[in-house]
Amino acid sequence: MKTWLYRGFLLLVAIMSFVFFLPASWMQYAIPKNSPIQLSQPSGRWWQGSAYLTLGSYAPTTLPQPLRWHWQWQGLPQLVWNHPTLNPQQGALSWRGSHWTLAQQSLLLQATSLRAFHASFDPLSPQGDITLHWPTLKLSYPLQLRDTLTLTWQEAATSLSPVRPLGTYQLQVHPQTPQHIEIKLSSISGPLSLVGQGDWRPSSGWHFQGEAYSTEEMADSLHELLTLLGPMQNGRAQLRFPY
């Protein structure tokens, strides 16, 4: 009996040692392969380490500062991280007994980062500031997000137009079910207005329909840009995806 207890103790110590020394690269397995943000160049251990954030898969861009994280115990396990592009810089993922809670936070990026995600941004050469905000999220299995994510493009500009800035725009992402996501585009300010709505379903992918139009004062200056954005109808460019 004592021999089996001794062997069991040694096995437990060996397993705990193995888990303790797992490298930070194991944190990469927690991120889906199709996620628009990935971890690269990890260092340290899974429970305390760092890695760089790589954006997009079309033309991957790696942010210059590393993301740093550590696990801590606050009655229940909690993963805490910090990065200078986040607001607040420190975020947390906390276990609540039956689900995980992701604290509200915003990711701040230069609009040039959009070129990392899709080829359609290449000719636009987008400029300005991008903010992705998420509220406090309750995460459980199976994953069912119901909260709205907000993407804001401030002081928007493009190399296709000398008008700067064109405006400030907001895209709201509304998950309806795991199989249906709705999006709504609106303009907050500026001489160029962008409005529209669309959705995503696994069977058909993304669909979007909207309009782009200018103020009367800037109609001549923005006419060429409008014609590039889509076919004109009643002085407004028709925005469609897929075309």
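Owing to the predicted nature of the structure, the values given are computational and were not obtained by experimental measurement.

A. Broad picture of helix α2 (residues 219–229). Leu222, Leu225 and Leu226 are the residues of α2 that are buried. The arc that holds every buried residue of α2, seen down its axis, measures 105°, which confines them to one face. Seen from the buried face of α2, the exposed residues on the opposite side, beyond 90 degrees, are Asp220, Glu224 and Leu228. Considering only its buried residues, α2 is in contact with β14 (192–201), β15 (205–214), β16 (232–233) and β17 (236–241).

B. Seen up close, the confidence of the model for the chain. Taken residue by residue, the chain gives an average pLDDT of 89. The fraction at 70 or more is 91%. For the chain, the element scoring lowest by mean pLDDT is helix α1 (residues 2–20), at 58; strand β11 (residues 149–157) scores highest, at 97.

C. Fine view of the sheet that holds strand β4 (residues 77–82). Taken together, seven strands build an open sheet; the order of strands is β1-β2-β3-β4-β6-β7-β10 and the sheet is antiparallel. Bordering the open sheet on either side are β1 (37–45) and β10 (137–139), each of which pairs with just one other strand. Shown here is a sheet whose adjacent strand axes are inclined to one another by a mean of 25°, direction ignored. Pairing geometry for strand β7 (residues 100–102) and β10, over three bridges, is antiparallel. If you follow Thr101 over to β10, its bridge partner there is Lys138.

D. Inspection of the environment of Leu63 at higher detail. Inspection of the secondary structure assignment puts Leu63 in strand β3 (residues 61–73). Owing to a relative accessible area of 9%, Leu63 belongs among the buried residues under this scheme. Apart from the residues lying within four places of it in its own chain, the contact partners of Leu63 are Tyr52, Leu53, Leu55, His83, Thr85 and Leu109.

E. Representation of the side chain of Thr131 within the structure. The residue Thr131 is located in strand β9 (residues 127–134) in this model. Residue contacts for Thr131: discarding those within four places in its chain leaves Ser106, Leu107, Leu108, Thr150, Leu151, Thr152 and Gln154.

F. Focus on the sheet that holds β9. Spatial ordering of the open sheet is given by β5-β8-β9-β11-β12-β13-β14-β15-β17-β16, a layout of 10 strands whose pairing is antiparallel. Of all the strands in the sheet, the pair left with one neighbour each is β5 (86–87) and β16. Both β9 and β11 contribute to a ladder of six bridges, which runs antiparallel. If you follow His133 over to β11, its bridge partner there is Thr150.

The rules we used
- Residues numbered from 1 in each chain as written.
- Predicted model: local features only at pLDDT ≥ 70, side-chain atom pairs only at ≥ 80, totals over all residues.
- Heavy atoms only, no water.
- Buried < 20%, exposed > 50% of the residue type's maximum accessible area, 1.4 Å probe, protein only.
- Helix = DSSP H or I, 4+ residues; strand = E, 2+ residues; numbered from the N terminus.
- Arc of directions from axis to C-beta.
- Contact = heavy atoms within 4.5 Å.
- pLDDT = per-residue confidence, 0-100.
- Pairing = 2+ DSSP bridges.
- Axes fitted to C-alpha atoms, helices over the stretch in contact; angles between N-to-C directions.

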